[in-house]
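Topology and contacts: notes
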Amino acid sequence: MNHLVAITGGIGSGKSAIMQCLSTLGFKVYDCDSRAKYLMDNDENIISSIKREIAPAAVRDGVIDRRILSRIVFSDKDKLLKLNAITHAAVIEDIRAWRKANAGENVLFLETAILLESNLDKEVDEVWLVDAPEQTRLERACRRDNVSAEAIRARMKAQRLVGQDDINVPLYVIDNRRDVAVLPQLFSLLRPLVGDSMPSLWIKA
């Protein structure tokens, strides 16, 4: 079985940038957020489960109406929990299939902002937590999403960040402050995983 590493962190910490680096270095990466959206639009089991367990009105002509679905689940906590359970289970099944399809790869990476809430901590072999000061994360997220600082602060408050006490696998921190180089940290974390197979084009760190 290949070694699966979760990349997680708070809003604006730079998870996606780390994943882009890993992809550029030749590693296979899995974006939980984009795959969840894809599965919601294309997985018949998800669509039928939402229609059956949450609200028939949320599905029109076999397609999920996200506007209606959002209005329903965000006004009903129990239905939101059901939606999360449906999508998280589908993503976990998709990740397992993805791991199997990439059995020839020694190391795989996935990005998730909700490692604990989605139970993905039980699927991975180690966790890399991307970290940056709150103000830096706030500025990055505001610029990226073009929303107010208040909106980002609300998201930050709602997000649960992972700590070593929360998981049973190793946790490593990547310092992604503006004045700190990330690549040497990545290389240091990668060496124990890939050993002599590290590509020669990598700069020695």
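Our structure's up above, just so we're on the same page.
From a predicted model like this one, the values you see are computed outputs, not experimental measurements.

Let's talk about the overall build of the chain
Within the chain one finds eight helices and seven strands. Computed over its C-alpha atoms, the radius of gyration of the chain comes to 18 Å, within 12% of the 17 Å expected for a compact globule of 205 residues. Each principal axis of the C-alpha distribution contributes one length, and for the chain these read about 55 × 40 × 30 Å. Here the chain, with 205 residues, has 45% of them falling under the buried criterion. Of all intrachain contacts in the chain linking residues separated by at least 6 positions in sequence, the fraction that spans at least 24 positions is 71%. Of the accessible surface of the chain, which amounts to about 11,700 Å², a share of 51% is contributed by carbon and sulfur atoms. The chain carries 29 positive and 29 negative side-chain charges, and their two centres are separated by 3 Å.

Some words on the nonpolar core
By size, the foremost hydrophobic cluster in this structure holds 38 residues, and its most contacted members are Ile50, Ile54, Leu69, Leu110 and Val127. Contributing elements (two or more residues each) for this core: strand E1 (3–9), helix H2 (32–42), helix H3 (44–53), helix H4 (66–73), helix H5 (77–101), strand E5 (107–111) and strand E6 (126–131). Ranked by residue count, the leading element in this core is H5, at seven residues. Contacts of Val127, omitting those with residues within four sequence positions, involve Ala6, Thr8, Leu115, Val162, Ile167, Val169, Pro170, Leu171 and Tyr172. In terms of nonpolar packing, the next biggest core, distinct from the first, is built from 18 residues, Val5, Trp128, Ile174 and Val182 among them.

Here's the deal with the packing of aromatic side chains
Evaluated as defined, the whole model comprises three aromatic pairs. Here the aromatic rings of Phe27 and Phe109 are separated by 5.4 Å at their centres, their planes lie at 80 degrees, and the arrangement is edge-to-face. Linking Phe27 in the loop between helix H1 (15–24) and strand E2 (28–31) with Phe109 in strand E5, this pair joins segments that are 82 residues apart in sequence. Judged on exposure class, the residue Phe27 and its partner Phe109 are both buried. Through a chain of ring-to-ring contacts, the aromatic side chains of Phe27, Phe109 and Trp128 assemble into a single cluster.

Rules and cut-offs
- Residues numbered from 1 in each chain as written.
- Predicted model: local features only at pLDDT ≥ 70, side-chain atom pairs only at ≥ 80, totals over all residues.
- Heavy atoms only, no water.
- Helix = DSSP H or I, 4+ residues; strand = E, 2+ residues; numbered from the N terminus.
- Rg over C-alpha atoms; globule rule 2.2 N^0.38 Å.
- Buried < 20%, exposed > 50% of the residue type's maximum accessible area, 1.4 Å probe, protein only.
- Contact = heavy atoms within 4.5 Å.
- Areas by Shrake-Rupley, 256 points an atom, 1.4 Å probe, with all protein chains shown as cover.
- Lys, Arg positive; Asp, Glu negative; His and termini not counted.
- Charge placed at Lys NZ, Arg CZ, Asp CG, Glu CD.
- Core = buried A, V, L, I, M, F, W, Y, C linked by side-chain atoms within 4.5 Å.
- Phe/Tyr/Trp six-rings, centres within 6.5 Å; stacked < 30°, edge-to-face > 60°.

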